[in-house]
Structures are given as C-alpha cells and as structure tokens.
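# Understanding the architecture of this molecule
Residues per chain are reported as follows:
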Amino acid sequence: MTGPEQDPPTTRDPAEVPAGEPGAEPTRRSGLRNPERAVRGLGAGTLSLEALVLLLAIQPIRVVGGDLGGAAIAAVVALAVAAVLLAGMMRRPWAWNAGTVLQGLLILAGLLHWSLLVLGIIFALVWAYALHVRRVILG
C-alpha cells in the first residue's frame, strides 16, 4: 500500500519535537524574526513619543491651562530629556524599570499643574500596555 495514510511524515513540526531530541529547534512565541529588537523598538518609540508630546504641550498648557510656572516647565523639560535618554538605552535591562519610574515622576509632576497629571496618567497607561506587549512577546 502506498497511500498517504501509510507514509510516515518526513518532517516534523518543531513544536512537536521534544526538547532533548536531535533536530529540535527552540520554538518562538511570536512570528517576529527578532522579538527582543521589536520590543526594544516599542519601548524606545513610546518614550520618544512621550518626550515629543511633553515638549509640544508646554505652550498650549500655558495658554489654555493657565499658570504654568517655571518649576513645572523645568520639570517637563527634564522629564522629556530623561525620556529621550532612556529611549536610547533600551538595550539595557534596567531601562524598562527606569521607564516605569519616569511615568511615576510625570504623575508626581501633576502636583505642579493638573494637566501634567492628565498626561502622566495617559502615558502611564500607554507604558503599561507596552510592558504587557513585552511580556506577551518575550514570555
């Protein structure tokens, strides 16, 4: 009998091969070629976008939101610079924790002006989603 039911499979799905057998390849959780690089790009992009929004928000906050003092402007600029620096250091394992701290500092800057609290909450939610995606992709 030479039917397709009788022929043994010539190749096996890598997910079906036990880890100790020869020919077993490590299985990836995602279809990405380099998941670590993709996740680093997500973190860097999130922090870069945050820095851009913070810097661009200074003038509208001053015009619409009222009394944005020098301390609040200095805090916004310092947080934006820190976000850009962290975006460039996403290869370091501690950068993700530092990004989380940065979100907390932005929320604390809400003590200087209410609109900074709103921006802090928005970016904390975006950062939490980025951390979730990182956990799903890298396991």
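For the structure, see preceding data.
Note that the structure is predicted; figures quoted are calculated from it, not measured. (Residues numbered from 1 in each chain as written. Predicted model: local features only at pLDDT ≥ 70, side-chain atom pairs only at ≥ 80, totals over all residues. Heavy atoms only, no water.)

Regarding its fold elements, the chain presents 4 helices and 0 strands. Relative to its 139 residues, the chain shows a buried fraction of 30%. Counted over contacts in the chain with a minimum sequence separation of 6, partners at least 24 positions apart contribute 65%. About 9,200 Å² of surface is accessible on the chain, with carbon and sulfur atoms providing 63% of the total. (Helix = DSSP H or I, 4+ residues; strand = E, 2+ residues; numbered from the N terminus. Buried < 20%, exposed > 50% of the residue type's maximum accessible area, 1.4 Å probe, protein only. Contact = heavy atoms within 4.5 Å. Areas by Shrake-Rupley, 256 points an atom, 1.4 Å probe, with all protein chains shown as cover.)

Looking now at helix 2 (residues 70–88). Taking 1.5 Å of rise per residue, the 19 residues of helix 2 would be expected to cover 27 Å, and the 27 Å separating its terminal C-alpha atoms lies within 8% of that figure. Listed in full, the buried residues belonging to helix 2 are A72, V76, L79, A80, A83, L86 and A87. Buried positions in helix 2, seen along its axis, are confined to an arc of 130° and lie on one side of it. Facing away from the buried side of helix 2 by over 90 degrees, the exposed positions are G70, A71, L85 and G88. (Expected span 1.5 Å × (residues − 1). Arc of directions from axis to C-beta.)

Bringing the environment of G41 into the picture now. With respect to the secondary-structure elements, G41 resides in helix 1 (residues 35–65). On the basis of relative accessibility, which here comes to 43%, the residue G41 falls in the partly exposed class.

Glancing now at the packing of helix 2 against helix 3 (residues 95–108). Their axes nearest at 10 Å, the elements helix 2 and helix 3 cross at an angle of 165°. What the angle tells us is that helix 2 and helix 3 run roughly antiparallel. Both helix 2 and helix 3 take part in a crossing whose hand is left-handed. Contacts between helix 2 and helix 3 involve L79, A82, A83 and L86 on the former and, on the latter, A95, A98, G99, L102, L105 and L106. (Axes fitted to C-alpha atoms, helices over the stretch in contact; angles between N-to-C directions. Parallel < 35°, antiparallel > 145°, perpendicular 65-115°, else oblique. Left-handed = near helix turned anticlockwise from the far one by under 90°.)

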